[in-house]
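Residues per chain, in single letters:
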2 protein chains.
Amino acid sequence: MKKPELPAYLHNISIILSRTSHPANIGSAARAMKTMGLTKLILVAPNLMQTPMTAEPPKFNKQQPNDFSLPEESFILASGARDVLEEAKIVSTLAEALANTTLSCALTSRRRELTAPMHTPRELTPSLLQAAQTGQKVALVFGNETFGLSIEEVQQCNRLITINGNPDYFSLNLAQAVQVICYELFSQVDVSMDHLQQVANLATHQQIRSMVFHLRQLMDYAGFFNRRNENRLMRRMTAMFDRASLSTEDIDILRGFYNTISQQIHNQHD
Amino acid sequence: MKKPELPAYLHNISIILSRTSHPANIGSAARAMKTMGLTKLILVAPNLMQTPMTAEPPKFNKQQPNDFSLPEESFILASGARDVLEEAKIVSTLAEALANTTLSCALTSRRRELTAPMHTPRELTPSLLQAAQTGQKVALVFGNETFGLSIEEVQQCNRLITINGNPDYFSLNLAQAVQVICYELFSQVDVSMDHLQQVANLATHQQIRSMVFHLRQLMDYAGFFNRRNENRLMRRMTAMFDRASLSTEDIDILRGFYNTISQQIHNQHD
């Protein structure tokens, strides 16, 4: 029987590890990914600590991100998945890692005080695979082993994903979380999708952030922030737009509207 | 909100580890199980090797199976799941472990030359959970880390289960395999886990429609509909807001913003 081939669209799915502490976890993650047909790894500002195996861990320098190279310990744990590590992108900020993505899923524990809707991997995977199939870039974002993702990191993503388990005891380390997520993704690859949701022309992370910045400027110009908490309001607006699966046309309408309003107010200021 | 409880029938599901070599894997398996609500661990003839952590690993004696106790290394890796280890059954043969089960699933790699039909965890889990719900004992059987299950061990089981992945590279160790299987089982258990999500004060259909009508008036007033298709734009805006799971606070912010803008433009019209 002909050996099955992995579908090419899996290349559109990135695993992003932010501020990882242990070199071994990066290697284990690479192996977990490749085992489930995923190859795109992005490391955001790795914060590697010294371990018995690393004489001196390489320090990530935000000004010189390309100077960073992973310690041998990562490659040892990666085993036959060293190619994933060799091709991994290393960037300074999560925003860079997410720039071209339309869907970005922050892996979070259920204990966080978050108001955005949380989805299980089972629920979210179909939309991730559909988006990837249409050529969109999607990402799953994992935080530091001890602290997870910061609130700011979570806010940069437009989906929340949580792995459900025992409400009385939940102990899943980073490598296992990556393994479970990758397993879930691959498990749905063979499933034929009967109908595609409306995923055409989703706006990217970067486009949404630009539009929200434009709105912020307009609100400021209009004096809307007087006696209001600007940062808090903008966080709410960002979260709202992130939930809305904006298309590029929605962005165009909104920005056209902001320009019209600005012009109107400008005329008044003359 | 009341914390959900794990369904009692999960006690009818056993994880069986046969001839395990590494004490650490037993501890990791216990943690993986408990994280997904499973508590019944059975060890068949553990064949523990010496590791840097174990001075002298306990030797399992088939004639005196009850004399065996797990090394401390297993308990250290088990962390908060030590109770699973403490209550684990230790037996001499797989036949003993399977004696009361109706369904027994041998975890096997796809590379084995086996003629029996193989199922994925996704496919097999519903029948396992249904059997457990009716009081039947079911088991998932994992073999030695290096060699897997022997042909004889596989033949004692009445189901074959395989985790699918990359046909070119598949590297899942024992602890990860246990984690993935337990994750799959739990993912299909009907436990509502929403209790920790904040109740969002979602806006009603009526509130959203009123807000959109307010926006429409503002857009009209600002001249935004000149040379644009007003109805089409407003349908897009309505659909966008409908996707956004708006809270009542989002509505308040938006309407406050519309009022501020209206006032600014009004001043200009004077």
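Residues numbered from 1 in each chain as written. Chains lettered and ligands numbered in written order. Predicted model: local features only at pLDDT ≥ 70, side-chain atom pairs only at ≥ 80, totals over all residues. Heavy atoms only, no water.

Caption draft 1: Quick look at the sheet that holds strand β3 (residues 89-91) of chain B. Residues and elements named next belong to chain B. Ordered by their spatial adjacency, 7 strands build an open sheet running β3-β2-β1-β6-β4-β7-β5, and the pairing between neighbours is parallel. On the outer flanks of this sheet lie β3 and β5 (118-119), each paired with one strand and no other. Judged from the 2 bridges that link them, β5 and strand β7 (residues 159-161) form a sheet pairing that is parallel. When the bridges of β7 are listed, Met-118 appears paired with Leu-160. (Pairing = 2+ DSSP bridges. Helix = DSSP H or I, 4+ residues; strand = E, 2+ residues; numbered from the N terminus.)

Caption draft 2: Expanded view of helix α5 (residues 121-133) of chain B. All names here are of chain B. Between its terminal C-alpha atoms α5 stretches 18 Å, which fits the 18 Å expected from 13 residues at 1.5 Å a residue. What α5 keeps buried is the set Pro-121, Leu-124, Thr-125, Leu-128, Leu-129, Ala-131 and Ala-132. All buried residues of α5 lie within an arc of 160° about the axis, which places them on one face of the element. Directly beyond the C-terminal end of α5, a positive phi value near 95° is found at Gly-135. (Expected span 1.5 Å × (residues − 1). Buried < 20%, exposed > 50% of the residue type's maximum accessible area, 1.4 Å probe, protein only. Arc of directions from axis to C-beta.)

Caption draft 3: Inspection of the interface of chain B and chain A at higher detail. The interface is formed by 69 residues belonging to chain B together with 73 residues belonging to chain A. Between chain B and chain A lies a buried interface of about 6,200 Å² when both sides are counted; carbon and sulfur atoms form 59% of it. Area buried by chain B at its contact with chain A is led by Tyr-169, Tyr-183 and Phe-257 of chain B, which between them contribute 11% of it. Linking chain B to chain A there are 9 salt bridges. Ionic pairing is found between Arg-236 of chain B and Glu-249 of chain A, a salt bridge with its closest N-O pair at 3.2 Å. At the level of secondary structure, the elements contributing two or more residues to the side of chain B that touches chain A comprise α1 (23-35), α5, α7 (174-187), α8 (205-221), α9 (230-243) and α10 (248-269) of chain B. It is α10 of chain B that provides the largest number of residues to the side of chain B that touches chain A, a total of 13 residues. Looking at the side of chain B that touches chain A residue by residue, the class counts come to 32 nonpolar, 25 polar and 12 charged. (Contact = heavy atoms within 4.5 Å. Buried area = accessible area lost by both parts, 1.4 Å probe. Salt bridge = Lys/Arg side-chain N within 4 Å of Asp/Glu carboxyl O. Nonpolar A, V, L, I, M, F, W, Y, C, P; charged D, E, K, R; others polar.)

Caption draft 4: Focus on helix α9 (residues 230-243) of chain A. Residue and element names in this part refer to chain A. A rise of 1.5 Å per residue sets the reference length of α9, with its 14 residues, at 20 Å; its end C-alpha atoms lie 20 Å apart and thus fit the reference within 8%. Listed as buried for α9 are Leu-233, Met-234, Met-237, Thr-238, Met-240, Phe-241, Asp-242 and Arg-243. Its side-chain oxygen at 3.2 Å from the backbone nitrogen of Asn-231, Asn-229 defines the N-terminal cap of α9. Of the residues one or two after α9, Ser-245 is the one with positive phi, at around 45°. (Polar contact = N/O pair within 3.5 Å; in protein donor to acceptor, adjacent residues only side chain to side chain.)

Caption draft 5: Here's a closer look at empty space enclosed by the protein. Applying the stated criterion across every chain yields a total of 2 cavities of 30 Å³ or more. Considering only enclosed or pocket space, the largest cavity measures out at about 110 Å³ in volume. Lining the largest cavity are 16 residues; nearest its centre among them are Phe-241, Leu-254 and Tyr-258 of chain A together with Leu-254 and Tyr-258 of chain B. At the level of elements, α8 (205-221), α9 and α10 (248-269) of chain A together with α8, α9 and α10 of chain B are the ones that each hand at least two residues to the lining of the largest cavity. (1 Å grid on protein atoms, 1.4 Å probe; cavity = no way out; pocket = protein on both sides within 12 Å on 5 of 7 lines; lining within 4 Å. Points joined across faces, edges and corners; volume = space filled by probe spheres on them.)

Caption draft 6: Expanded view of the sheet that holds strand β6 (residues 137-142) of chain A. All names here are of chain A. Spatial strand order, β3-β2-β1-β6-β4-β7-β5: 7 strands in an open sheet with parallel pairing. Across the chains shown, the open sheet's two edge strands, defined by having one partner strand only, are β3 (89-91) and β5 (118-119). Both strand β1 (residues 13-18) and β6 contribute to a ladder of 5 bridges, which runs parallel. The residue bridging Ile-13 from the neighbouring strand is Val-138, located in β6. Helix α5 (residues 121-133) contacts β1, β4 (101-107), β5, β6 and β7 (159-161) of the sheet and is inclined by roughly 155° relative to β4. (Axes fitted to C-alpha atoms, helices over the stretch in contact; angles between N-to-C directions.)

Caption draft 7: Seen up close, the packing of aromatic side chains. The full count for this structure, using the stated rule, is 9 aromatic pairs over all chains. Relative to Phe-225 of chain A, the ring of Phe-224 of chain A has its centre 6.2 Å away and its plane inclined at 45°; by these criteria the two rings are tilted. Owing to a relative accessible area of 1%, Phe-224 of chain A belongs among the buried residues under this scheme. Phe-225 of chain A sits in the buried class, given a relative accessible area of 8%. A connected cluster of aromatic rings, assembled from ring pairs, spans Phe-224 and Phe-225 of chain A together with Phe-257 and Tyr-258 of chain B. Taking the ring centre of Tyr-169 of chain A as reference, the NZ or CZ of Lys-34 of chain B above it sits at 4.8 Å. (Phe/Tyr/Trp six-rings, centres within 6.5 Å; stacked < 30°, edge-to-face > 60°. Lys NZ or Arg CZ within 6 Å of the ring centre and 35° of its normal.)

Caption draft 8: Just the pairing of β4 of chain A, in detail. All names here are of chain A. Burial within β4 is extensive, with 7 of its 7 residues counted as buried. Inspection of the sheet shows β4 paired to β6 by 5 bridges, in the parallel sense. Across the sheet, the residue bridging to Thr-101 is Lys-137, located in β6.

Caption draft 9: Structural context of the domain arrangement of chain A. All names here are of chain A. Per the domain assignment, the segments of chain A are domain 1 (8-195) and domain 2 (205-269). The C-alpha centroid of domain 2 is placed 30 Å from the C-alpha centroid of domain 1. The contact between domain 1 and domain 2 buries some 720 Å² in all, and 43% of this surface belongs to carbon and sulfur atoms. Between domain 1 and domain 2 we count 0 salt bridges in total. Applying the counting rule to domain 1 against domain 2 returns 7 residue pairs in polar contact (both at pLDDT 80 or more). (Domains from an automatic or database assignment.)

Caption draft 10: Representation of the confidence of the model for chain A in the model. All names here are of chain A. On average, residues of chain A score 89 in pLDDT, and 91% of them reach the 70 mark or higher. Low confidence marks residues 191-199, where pLDDT is under 50. Its contacts with residues over four positions away, or in another chain, come to 13 contacts. Both confidence scores are given for the complex: pTM 0.80, ipTM 0.78. (pLDDT = per-residue confidence, 0-100.)

Caption draft 11: The packing of α5 of chain A against helix α7 (residues 174-187) of chain A, seen in detail. Residues and elements named next belong to chain A. Viewed as axis vectors pointing N to C, α5 and α7 meet at an angle of 55°, and their least axial separation amounts to 9 Å. Here α7 runs oblique to α5, going by the angle between their axes. For the crossing formed where α5 meets α7, the hand is right-handed. Across from Pro-121, Arg-122, Thr-125, Leu-128 and Leu-129 in α5, the residues of α7 making contact are Ile-181, Glu-184 and Leu-185. For the contact of α5 with α7, the residue count by class is 5 nonpolar, 1 polar and 2 charged. (Parallel < 35°, antiparallel > 145°, perpendicular 65-115°, else oblique. Left-handed = near helix turned anticlockwise from the far one by under 90°.)

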